Structure formats: C-alpha cells, structure tokens
Amino acid sequence: PDPDSYVELSSEVSYNVKTTAGIDFTFVQTYSTGPGANGLNYIALSNDTVSETSASTTLSNEITLNGLGRAIGAYAHTNGTSTATISKTFTASGSQSAQKAALFSASSSGTMNHVLSFTQRSLISGDTLAITFTITIT
C-alpha cells in the first residue's frame, strides 16, 4: 500500500502500573553484578481493563492470536538523556480488540513490569496497532 494513504486515527498517553517483581528486576539488571537476563522489551496485549496491581506477575487474558501475540519491541535510547522507548507495531491477521499492554522480559512467562491501558481498539485483518512505552528516569 501507498504510505501516504495511511491515516493515524488517534493517539493517547496513559500511565502504567509498575509491578514489584518488575521493580526488583530493574534494580538487579541495573545495579547488580553480572546481570544476564533479557531486558523488559517484549510487549504483550490484552482486551480487558487493567486489573493488575503491583503484586501481579501475569497479564490477565493475554492475547495470543490474530497477529497480536507477545512480540519483542524495538528499544531506543539516546546516550545522555533520561528517556528510552520500547515500541512495536502489531498487524492484525483477524478480528481482535485490544485495550491493555504490558512489558515482559521474555517471549513467554518472564517478568512483567509495566502495564498500561488505552482506549479499546477494534481491529480487522490488516489493521495495525502501534504501541510505544516511553520510560523516563528522573
């Protein structure tokens, strides 16, 4: 398709729930000796409202079908700044709605850290959903 024919229908900012396990993981990865686990760069989606709390370790009703299954996101950070992003554009291969996203350390299971909600999007085959987590350390 012609790139000029695409139209952004909406954009929004939402704030996330940080899990205790995710906070602990971040400290180990950042400050301990010899961290070896993958970073928190896998994005998972769900189509229910946020019920996760700081004690949660899984994303309720995680989507696994229709092209919206958990996938590794692209990590970007400019040295000397306090912000990084993890982003992924999902392409639906069937009808599916989504309204929640989370960051994990693995393609299945793993540590979940950030969970956020957004306005429900109803997708049909070929539709795309771009998710970007912006992490700021102040």
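Below: a short report on this structure.

Cut-offs applied
Residues numbered from 1 in each chain as written. Predicted model: local features only at pLDDT ≥ 70, side-chain atom pairs only at ≥ 80, totals over all residues. Heavy atoms only, no water. Pairing = 2+ DSSP bridges. Helix = DSSP H or I, 4+ residues; strand = E, 2+ residues; numbered from the N terminus. Core = buried A, V, L, I, M, F, W, Y, C linked by side-chain atoms within 4.5 Å. Buried < 20%, exposed > 50% of the residue type's maximum accessible area, 1.4 Å probe, protein only. Contact = heavy atoms within 4.5 Å. Salt bridge = Lys/Arg side-chain N within 4 Å of Asp/Glu carboxyl O. Phe/Tyr/Trp six-rings, centres within 6.5 Å; stacked < 30°, edge-to-face > 60°. Lys NZ or Arg CZ within 6 Å of the ring centre and 35° of its normal. Polar contact = N/O pair within 3.5 Å; in protein donor to acceptor, adjacent residues only side chain to side chain.

Quick look at the sheet that holds strand β7 (residues 112-123)
One open sheet accounts for five strands, arranged β1-β7-β6-β2-β3; its pairing is antiparallel. Edge positions in the sheet fall to β1 (17-18) and β3 (71-72), since each has one partner strand and no second. Sheet topology note: the strand β2 (residues 42-46)/strand β6 (residues 96-104) ladder contains five bridges and is antiparallel. Following the sheet pairing, Leu45 is matched in β6 by Ala101.

Structural notes on the nonpolar core
Ile43, Leu45, Ala101 and Ile131 are the most contacted members of the largest nonpolar core, which totals 17 residues. At the level of elements, β2, β5 (83-91), β6, β7 and β8 (128-136) are the ones that each hand at least two residues to this core. Among residues more than four places away in sequence, those in contact with Ile43 are Gly69, Arg70, Ala71, Ile86, Ser87, Lys88, Phe90, Ala101, Ala102, Leu103, Ile131 and Phe133.

Regarding the pattern of salt bridges
Per the counting criterion, the structure on display carries three salt bridges. Where Lys100 meets Glu52, a salt bridge forms, and the shortest distance between an N and an O atom there is 3.0 Å. Of this pair, Lys100 sits in strand β6 while Glu52 sits in the loop between β2 and β3; the two residues are 48 residues apart in sequence, bridging distant segments of the chain. Taken as a pair, Lys100 and Glu52 share a single burial class, namely buried. Ionic pairing is found between Glu62 and Arg70, a salt bridge with its closest N-O pair at 2.8 Å. Connected through shared salt-bridge partners, Asp48, Glu52 and Lys100 make up one network.

Structural notes on the pairing of strand β4 (residues 74-77)
Bridge analysis of β4 against β5 gives four bridges, and the strand direction is antiparallel. In the sheet register, His77 faces β5, and the bridge partner there is Ala84. Connecting β4 to the next strand, β5, in antiparallel fashion are five residues, including Gly80 with a positive phi near 90°.

Let's talk about the packing of aromatic side chains
Remark: the centre distance and the inter-plane angle together describe each pair of aromatic rings, the angle taken between the planes. Throughout the structure, instances matching the rule amount to zero aromatic pairs. The cationic tip of Arg70 hangs over the ring face of Phe104; the distance from NZ or CZ to the ring centre is 3.7 Å. For the cation-ring pair, Lys88 lies above Phe90, with the distance from its terminal atom to the ring centre recorded as 5.9 Å.

Concerning the environment of Leu40
Positionally, Leu40 belongs in the loop between α1 (20-31) and β2. Looking at Leu40, the relative accessible area reads 15%, which means it is buried. Apart from the residues lying within four places of it in its own chain, the contact partners of Leu40 are Phe25, Thr26, Ile86, Leu103, Phe104, Ser105, Thr111 and Asn113.

A word on the side chain of Ser105
Mapped onto the elements, Ser105 comes out in the loop between β6 and β7. For Ser105, a relative accessible area of 11% translates into the label buried. Of the polar contacts made by the side chain of Ser105, one reaches the backbone nitrogen of Thr111; its length is 2.8 Å. Look past the residues within four positions of Ser105 in its chain and what remains in contact with it is Phe25, Asn38, Gly39, Leu40, Tyr42, Gly110 and Thr111.

A few points about unusual backbone geometry
Even without being a glycine, Asn61 presents a positive backbone phi close to 55°. Counting through the fold element by element, Asn61 comes out in the loop between β2 and β3. Owing to a relative accessible area of 58%, Asn61 belongs among the exposed residues under this scheme. For Ser109, which is not a glycine, the phi torsion comes out positive at approximately 55°. Residue position: Ser109 is located in the loop between β6 and β7. In this structure Ser109 comes out as exposed when scored by relative accessible area, which is 58%.

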